[in-house]
Protein chains: 2
Amino acid sequence: MVQWVYKFGDGEVQGTAAMRDLLGGKGANLAEMANLGLSVPPGFTITTELCAAYYQHDRTVPDALVTQVAAGMRHIESAVDAKFGDAARPLLVSVRSGARASMPGMMDTVLNLGLNDKTVEGLARQSGDPRFAYDSYRRFIQMYCDVVLGVEHQAFEDLLEYHKEDQGYLLDTDMAAADWQSLIEAYKQMVRARLGQPFPQAVEAQLWGAVKAVFDSWMNNRAITYRKLHDIPESWGTAVNVQAMVFGNMGEGCATGVAFTRNPSTGVNEVYGEFLFNAQGEDVVAGIRTPHALTEAARAANGSTLPSMEAAMPKLFGELTDIFARLEGHYRDMQDIEFTVQQGKLWMLQTRGGKRTAKAALKIAVDMVAEGLIDEPEALRRVDANALEQLLHPALDPAAPREVIARGLPASPGAAAGKVVFHADEAEDLAAKGEAVILVRTETSPEDIHGMHAARGILTSRGGMTSHAAVVARGMGRPCITGASELRIDEGKACFTVGGVTIKQGERLTIDGSRGEIIRGDVPTIEPELSDEFGTLMAWADKIRRLRVRANAETPADASTARNFGAEGIGLCRTEHMFFEPDRIVAVREMILADDTIGRRAALAKLLPMQRNDFVELFRIMAGLPVTIRLLDPPLHEFLPHADAEIAEVAQASGASFEKLRSRVAQLHENNPMLGHRGCRLGISYPEIYEMQARAIFEAAAAVGAERDETVVAEIMVPLAATRRELDILKALIDRVADEVAGESGAELRYLVGTMIELPRAALRARDIAGVAEFFSFGTNDLTQTTFGISRDDAASFLDTYERQGILPHNPFASLDIDGVGELIELACERGRAGRADLKLGICGEHGGDPASIRFFEACGLDYISCSPYRVPIARLAAAQARLDSGGGDLD
Amino acid sequence: MVQWVYKFGDGEVQGTAAMRDLLGGKGANLAEMANLGLSVPPGFTITTELCAAYYQHDRTVPDALVTQVAAGMRHIESAVDAKFGDAARPLLVSVRSGARASMPGMMDTVLNLGLNDKTVEGLARQSGDPRFAYDSYRRFIQMYCDVVLGVEHQAFEDLLEYHKEDQGYLLDTDMAAADWQSLIEAYKQMVRARLGQPFPQAVEAQLWGAVKAVFDSWMNNRAITYRKLHDIPESWGTAVNVQAMVFGNMGEGCATGVAFTRNPSTGVNEVYGEFLFNAQGEDVVAGIRTPHALTEAARAANGSTLPSMEAAMPKLFGELTDIFARLEGHYRDMQDIEFTVQQGKLWMLQTRGGKRTAKAALKIAVDMVAEGLIDEPEALRRVDANALEQLLHPALDPAAPREVIARGLPASPGAAAGKVVFHADEAEDLAAKGEAVILVRTETSPEDIHGMHAARGILTSRGGMTSHAAVVARGMGRPCITGASELRIDEGKACFTVGGVTIKQGERLTIDGSRGEIIRGDVPTIEPELSDEFGTLMAWADKIRRLRVRANAETPADASTARNFGAEGIGLCRTEHMFFEPDRIVAVREMILADDTIGRRAALAKLLPMQRNDFVELFRIMAGLPVTIRLLDPPLHEFLPHADAEIAEVAQASGASFEKLRSRVAQLHENNPMLGHRGCRLGISYPEIYEMQARAIFEAAAAVGAERDETVVAEIMVPLAATRRELDILKALIDRVADEVAGESGAELRYLVGTMIELPRAALRARDIAGVAEFFSFGTNDLTQTTFGISRDDAASFLDTYERQGILPHNPFASLDIDGVGELIELACERGRAGRADLKLGICGEHGGDPASIRFFEACGLDYISCSPYRVPIARLAAAQARLDSGGGDLD
């Protein structure tokens, strides 16, 4: 016989905190508190396994459960000396959800269950407070009808309002017992009219209605959405907790409150919380009455005149804070607690790990190490690496009002406000005048880079979380929203329309890149400030992690940011990003459109000194650290001029005819540029391009080496190889150029030649390829695109559907698809090492900054990960966590 | 000591026919003929291994070779009782190339080597024919200078012409000994003037010059091109054969000839060949003198008055035909033979398997089985499956002159002539009036299908061997040339220009899709006629092969063609190809542009009856055979209207506003449609589309099943799956529709649901996927695109460079990349079978018709291959050959 029901309270406890998967968080912690000897109202938990069985059997419960629940009810009855449905000593219970992971407010709860026309009388007699009893009954009817029977809350509120108006009352507290009684009659009539049957009087029917409603709420839309946002599997299910009611609203000497054992916003070690006299828990949460502070200090700080618990109930307050210390000591974490005082007795209703801001998480973790509660590895585990992002980007003031006019994808976190512009050039012009601007585009292309750099934030109506706009914005640390598909952007008229609102160029707009919210006007923002605890935790992470962390960076600004955030080198310098500056793009276009090698060489000669200077700067900033430079990768057509004026500009610079250039532009068009003439295919077709780049790298290395009197070791990376032979040819080319530069400069040149592994074929043939390549860097963006056959630029149109239908557990461009793409990476690591024992292995796709992916990269034994500069601290922490998870990271 | 030199002749033979890899074809066969006791001029072969060593050591030969060659020369000297460089009894030798595979005319040969100013006198005395001796000497100078010293042939021909003019001679035979002597002086002066040194008199220097020249010729451009065209690895190298000269030009009783043991054009079992009295072999090949027929029958058939060998040298002719029979009996194949008669003695200079047309190959193979020379499996091996294509498509008359104005890629074989048109609609209009048209486009899209169908041939300036134009043309059996990049097509002005020639709409053009030649005007064509031998061989192939052969076909015409060619079902019916008919495209566009499900369903309702009729026709034509129908696959935007007029047409049909439709068209644009919203992603996003298609299939199956009183088993194929869950969802949808149709029609429906494996991830997750899919069909086109990260539409711009540089051994879209894509297929087969033991496995990409790929598919143990209708016979033969190669196919 499967045990579906676990009892707790009154000295009989069947669960523990360790049984969270089975009992849910709430159930496991109630059992644990009971084990600790705290006063917990007796009850029982129906397991999460029953939830799975419930859905497997078409939302029905097994017969065995009925028996077990009956036994559970008898346990409660005997513990509190009351009887369920008994008119004299009625037992009332609460029925609450409780999943493995906390999903606050997502699922349903029913309180005061067991009240009916008869038991309410018993409650009135027993409590000596008819007003309390009828108020409880009407609350129960209202809640049960809302949760179980589908009669909306508002219908009841309306009746209450009518009654108060009729009687000339202002507040609920004006309602006397008789008022509640008459309101209950009105409620019951309305329910019968709505449902065609009376409100259920049978307490057993009430109980099963509530239990099933809780299980049903696992699949309500709110819960589904919450699970998706928090990566909680549907299969986990929820438990149901049935527990004797205790009452914080039974008159004098009653109270109810919620508390955190430390400040969840700042992390300061102080009691933090609120309570109400003579109230039920829901009243505190609902915010109808102004709550009291728990401590005198907090009361004083708020300027409140309402008495604190510390002052009003000093003995109970002392008891409560003792419990806080015991729970923190037991759980070794900050706790989020609910309690009720019924006629002078303190009852613990819930404890759980408290949610906290990133800032608080950092401080609590570091403080607890100092307090001896946890050790450094545990502290590292306690901070959600992704949440650090909150600390690294400016954020909107959460207290400020916001007029959200539309939503898009939260593509790059942080918030920004400024004047709307629709063109990159305008963004640059206005920014040069000191204006903050938000660049709004249908989608961005590499030609918009200068405008994106100049803008405070970027908003596009197309593209996904890894579209050009998203990737570049994250790299630059610019807040960005993409795929805001409701926007109708008219770039010609310089305005966009959404939901009847038209925003013209120059109007103020705020974007919240963390939430994907597009807000009209300004919302005040808060600047980030990195705490001492941040530095301490990062230092611990650096001691423990095995993976090196580098950054993807091309510009001196990005490289400096990366180094400040602790990057240990550059893992990906995308040389093509250096080609979009206005003074370069014409020469680049001249090169692409040249008919022959001579024409290309002439244009490349113009680019050489610029490219060399780029590398000189990077080598200087990254002094002593490795710099991996990727040779030209993107399809040439990305650089092509499209407007006639641009073509004319190139014609003038190169002396070629306009007509000829225009026809060459058309000739270079590709249907699927992602799979086109790009990457090392360019180096094979036009070796002079890679020759120029190799020369620029070696000349820069020689120059900076001479300055610093040490050898700069450049790592040269060939993109998009599919075969070993491509690398044979290109390595020979690079070696030849190195010999030439060494001969000319007299410098000793040391360098590595490696390749990106970003095509399935390259992964499969890794052993061959490692015969030439001295390092691999996994380009997980392209590898994901080709393994899945999904273009990240175009995926927005269906990836959302895919996530909603559970086809993909998450966006594979944000977090690595371990089952598919991951297998290719493992296989390439294994085969690559078979081909070259000391092969250096890294990753430089978007996934380099994703903690879940980093855990996988640690397991693969990669040497380093490389991510955008603003994600470097996240990657450092995640790498340490991954190391700890893998059983490594001992400090001894 | 490595043996570099193998002797033959005069009773000492070190080689055999089996040593072809080491000795080359010519050397191995000379040794073999010597082993058979035939008269072979003595000589020796320098191995192909030496050629490799020669290139590895910077074109130098090892010292050991010098010693071994000297020993070889002594062997020849003692065999013929002459001495190399001896003035009295000079030994003359020929130096010839001889690679493992025959490369006729690609490499160099030197004859009469060993002649100088002294030895020519000895030859004159010995032969008693000074004219012969001096003629030989001048031939040697001319040939040696051309091959070894780089003085072109024409310079010598000019001097000969001047001399003849001076003397008033018409023919070479007018030249007396003194004339040749004086010409030799003129030759030597010219050589000294050109080279600054005299013609080499030292015979050893002559010999080594010639040997090295033969090795060098392995890397000449002709040879490199030939190897590329015939897939011959560079690493094989050539052997060098040094052999005593025999003379067919030593006056009376001398002759030389070439012969095939059967007719290489028709395959008829008759002696076929030509000879000349008093001539060297090169004279026959050069065609300066009109050759004589070997047989009386041939002489009579040609209406020649020149005596045949049969008549003029009956004894030698008898000896020769006896040898033919012996050689055929020995080699069990038709032989290509060179012989020389020196003063009444017959010498065999060469034998090798003769090249033959596909028609001849078929007849010879079938005849030889009847003659008991070979068995059926051997006959199957003897016919090059690819060459069958010659028999299946119309071909240009090879005898007719052709004005080739440009070349492109030979994308679909066969030839066609017609009036040039530049638009699909015009092609259709003119064809409807009975005109033959050639459709010329920059590239084709699915909207051109009706025009391609109407045209006799298709020519594009863009795209590769597997571009849309190429694939569709091959499927339709239309000749096609793609990627003719020199063409400047101006579709607006309806003309194209190439190399100064402008071809306007309506002008006549011929294209040779087998050779990629674009020819001005008309060239007469020859219709194919399938012989009895074709049927016999196909029947043998069908007995032996294990792989079933299906066709890719959508239209009734294609399906009928396929069935006539022996297809055993349809392996791929691309339903989207059914959507381009003019009466359907508007409804399709209406569906795509609909804003919501209701709009889409309205449009789909119009398409349902049309689609159902399509399937009814296919089920009827393929009665009793399986039909695999792929649900909608291509990116929707392929169907989008682009011109405003087309959008207006859809607006009218659907009642939606023009502006709204235009903005939806823009919204649906994708950057990389190949990786976009296509395949089963459409079925997930818009389930109503697949519902309609499933309904059409089941209703058609029910209708045809009722007609024939048997159950039609449809195979429904879901394209582009990357995950199991996609199939879970779509299989549930298909099953639901099947239940509905079964309920409505009362028919019993049987069907399979399977998927294409065309993404690396699908291959990796094959075990999971096979949990749902009842069959896999490998979509090797897409799988190659994603594994390589190469779009076949865009690959033309660099794939050629890749092949030339040896990065890819062949176009991976034409012949499967076994190392990369192949590994994924093997892995998917293994994992798929682990997931479902009776999983049916097939392939329906372009590679299904490629013999090399078919060999791999046989090795993988696939159940069937599917190819374009015109390649079905090729696939049947190739499948039998693959079965034989794998050691299977026993008939017992």
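Undergrad: Describe the overall build of chain A, and please don't skip the residues or the numbers.
TA: Within chain A, the regular secondary structure consists of 35 helices and 33 strands. For the C-alpha atoms alone, the extent of chain A along its principal axes is close to 100 × 65 × 55 Å. The proportion of buried residues among the 892 residues of chain A is 58%. Across chain A, every contact between residues at least 6 apart in sequence was considered, and the portion connecting residues at least 24 apart equals 68%. Accessible surface computed for chain A: about 33600 Å², of which carbon and sulfur atoms make up 49%. Treating the 91 positive side-chain charges of chain A as one cloud and the 125 negative ones as another, the clouds have centres 2 Å apart.

Undergrad: Describe in detail the interface of chain A and chain B, supporting the description with residues and values.
TA: A common way to express how large an interface is: the accessible area buried when the components associate. On the chain B side, the residues contacting the 51 residues of chain A number 51 residues. Overall, the association of chain A and chain B removes approximately 4500 Å² of surface from exposure, summing both partners, and the carbon and sulfur fraction of that is 50%. For the chain A face of the interface with chain B, the top three residues by lost area are N672, L675 and R761 of chain A, together amounting to 14%. Between the two partners, chain A and chain B, sit four salt bridges. Taking the shortest distance from any N to any O, the salt bridge between D817 of chain A and R761 of chain B comes out at 2.7 Å.

Undergrad: Talk me through the relation of the copies chain A and chain B; I want residue IDs and the actual numbers.
TA: Between chain A and chain B, the superposition needs a rotation of 179° and an axial shift of 0.0 Å, giving an RMSD of 0.3 Å. Both copies of the chain, as the preceding transformation shows, are related through a two-fold rotation axis. Among all residues of chain A, the minimum C-alpha distance to the rotation axis is found for N672 of chain A, at 2.1 Å. Here 100% of the contact residues of chain A are again contact residues in chain B; the copies associate through an equivalent surface.

Undergrad: Which residues make up the sheet that holds strand 15 (residues 409-412) of chain B, and what values go with them?
TA: Residue and element names in this part refer to chain B. Read from one edge to the other, the open sheet built from eight strands follows the order 14-24-23-16-17-18-19-15, with strand pairing classed as mixed. Edge positions in the open sheet fall to strand 14 (403-407) and strand 15, since each of these has one partner strand only. Averaged over all adjacent pairs, the angle separating strand axes in this sheet is 35°, with direction ignored. Bridge analysis of strand 18 (residues 457-460) against strand 19 (residues 480-482) gives two bridges, and the strand direction is parallel.

Undergrad: Quick one: what's the story with the packing of helix 6 (residues 153-167) of chain B against helix 7 (residues 177-195) of chain B, residue by residue and with numbers?
TA: All names here are of chain B. Across the interface, helix 6 lies against helix 7 with an axial gap of 10 Å and an inter-helix angle of 140°. Relative to helix 7, the element helix 6 is oriented oblique. The hand of the helix 6/helix 7 crossing is right-handed. The segment helix 6 lies against helix 7, with A155, F156, L159, L160, H163 and Q167 engaging D179, W180, S182, L183, A186, Y187, M190, V191 and R194. Residues belonging to the contact of helix 6 with helix 7 are distributed by class as follows: ten nonpolar, three polar and two charged.

Undergrad: Please set out the side chain of D336 of chain B residue by residue, giving values where relevant.
TA: All names here are of chain B. Structurally, D336 is set in strand 11 (residues 335-342). Overall, D336 belongs to the buried group, its relative accessible area being 10%. Here D336 is in contact with A259, F260, Q350, T351, R352, G353 and G354, once residues within four sequence places are set aside.

Undergrad: A description of helix 31 (residues 780-788) of chain A should follow, citing residues and the corresponding values.
TA: All names here are of chain A. The element helix 31 is extensively covered by neighbouring structure, given that nine of its nine residues are classed as buried. Of all the residues in helix 31, the buried ones are T780, N781, D782, L783, T784, Q785, T786, T787 and F788. Positioned one or two residues after helix 31, G789 has a phi angle of 65°, which is positive.

Undergrad: Describe the nonpolar core, with residues and values.
TA: Ranked by internal contacts, the top residues of the largest apolar core, which has 297 residues, are F619, F698 and I825 of chain A together with F619 and I825 of chain B. F619 of chain B has contacts with V627, I629, I697, A700, A701, V704, R708, V712 and A714 of chain B, leaving out every residue within four places of it along the chain. The next biggest cluster of nonpolar side chains, apart from the first, holds 75 residues, and it includes W4, Y54, V191 and A213 of chain B.

Undergrad: Any chance you could break down the packing of helix 34 (residues 851-860) of chain B against helix 35 (residues 872-885) of chain B for me, citing the residues and the numbers?
TA: Residues and elements named next belong to chain B. Running from N to C, helix 34 and helix 35 cross one another at 50°; their axes reach a closest spacing of 8 Å. Taken together, the axes of helix 34 and helix 35 are oblique relative to one another. You can see that helix 34 and helix 35 cross each other, and the crossing is right-handed. Contact residues: helix 34 offers P851, I854, R855 and E858, while helix 35 offers I874, A875, A878, A879, A882, R883 and D885.

Undergrad: I'd like a rundown of the environment of D644 of chain A, residues and numbers included.
TA: Tracing the backbone shows D644 of chain A in helix 24 (residues 644-654). With 402 residues separating them along the chain, D644 of chain A and V242 of chain A place their C-alpha atoms 74 Å apart.

Undergrad: Please set out the sheet that holds strand 10 (residues 292-293) of chain A residue by residue, giving values where relevant.
TA: All names here are of chain A. Sheet architecture is open: five strands sit in the order 10-9-8-11-12, paired in antiparallel fashion. Strands at the two margins of the open sheet, each flanked by one partner only, are strand 10 and strand 12 (345-353). Bridge analysis of strand 9 (residues 272-277) against strand 10 gives two bridges, and the strand direction is antiparallel. Along strand 10, the bridge assignment pairs F275 with H292. In the packing of helix 13 (residues 314-331) onto the sheet, the strands contacted are strand 8 (255-260), strand 11 (335-342) and strand 12, and the crossing angle to strand 12 comes to about 30°.

Undergrad: Which residues make up the packing of aromatic side chains, and what are the values?
TA: Across all of its chains, the model carries 32 aromatic pairs over all chains by this definition. Considering the side-chain rings of Y54 of chain A and F215 of chain A, the 5.3 Å spacing of their centres and the 35° angle between planes classify their relative orientation as tilted. Of this pair, Y54 of chain A sits in helix 2 (residues 48-56) while F215 of chain A sits in helix 8 (residues 203-217), and the two are 161 residues apart along the sequence. Given a relative accessible area of 2%, Y54 of chain A falls into the buried group. What makes F215 of chain A buried here is its relative accessible area of 0%. One residue, R550 of chain A, lies across the ring of Y864 of chain A, its end atom 3.9 Å from the ring centre. The cationic tip of K345 of chain B hangs over the ring face of W347 of chain B; the distance from NZ or CZ to the ring centre is 4.7 Å.

Undergrad: Break down a negative patch on the surface for me, citing the residues and quoting the values.
TA: Residues and elements named next belong to chain A. Together, D425, E428, D429, E581 and D583 give the surface a local cluster of negative charge. Among the elements that take part in the negative patch, helix 17 (residues 424-432) stands out by supplying three residues, more than any other. In this structure, D429 sits in helix 17. Residue classification places D429 among the partly exposed positions, given a relative accessible area of 45%.

Undergrad: Any chance you could break down the pattern of salt bridges for me, citing the residues and the numbers?
TA: All names here are of chain A. Scanning the entire structure with this criterion turns up 131 salt bridges over all chains. We note a salt bridge from K543 to E376, for which the minimum N-O separation is 2.9 Å. Note that K543 is positioned in helix 20 (residues 532-544) and E376 in helix 15 (residues 376-382), a separation of 167 residues in sequence. Each member of the salt-bridge network shares a partner with another, and the members are R601, R612, E691, R695, E699, R736, E740 and E744.

Scoring rules and cut-offs
Residues numbered from 1 in each chain as written. Chains lettered and ligands numbered in written order. Predicted model: local features only at pLDDT ≥ 70, side-chain atom pairs only at ≥ 80, totals over all residues. Heavy atoms only, no water. Helix = DSSP H or I, 4+ residues; strand = E, 2+ residues; numbered from the N terminus. Buried < 20%, exposed > 50% of the residue type's maximum accessible area, 1.4 Å probe, protein only. Contact = heavy atoms within 4.5 Å. Areas by Shrake-Rupley, 256 points an atom, 1.4 Å probe, with all protein chains shown as cover. Lys, Arg positive; Asp, Glu negative; His and termini not counted. Charge placed at Lys NZ, Arg CZ, Asp CG, Glu CD. Buried area = accessible area lost by both parts, 1.4 Å probe. Salt bridge = Lys/Arg side-chain N within 4 Å of Asp/Glu carboxyl O. Least-squares fit on C-alpha atoms with pLDDT ≥ 70 in both. Pairing = 2+ DSSP bridges. Axes fitted to C-alpha atoms, helices over the stretch in contact; angles between N-to-C directions. Parallel < 35°, antiparallel > 145°, perpendicular 65-115°, else oblique. Left-handed = near helix turned anticlockwise from the far one by under 90°. Nonpolar A, V, L, I, M, F, W, Y, C, P; charged D, E, K, R; others polar. Core = buried A, V, L, I, M, F, W, Y, C linked by side-chain atoms within 4.5 Å. Phe/Tyr/Trp six-rings, centres within 6.5 Å; stacked < 30°, edge-to-face > 60°. Lys NZ or Arg CZ within 6 Å of the ring centre and 35° of its normal. Patch = residues over 30% accessible without salt bridge, like charges linked within 9 Å, V, L, I, M, F, W, Y side chains within 5 Å.

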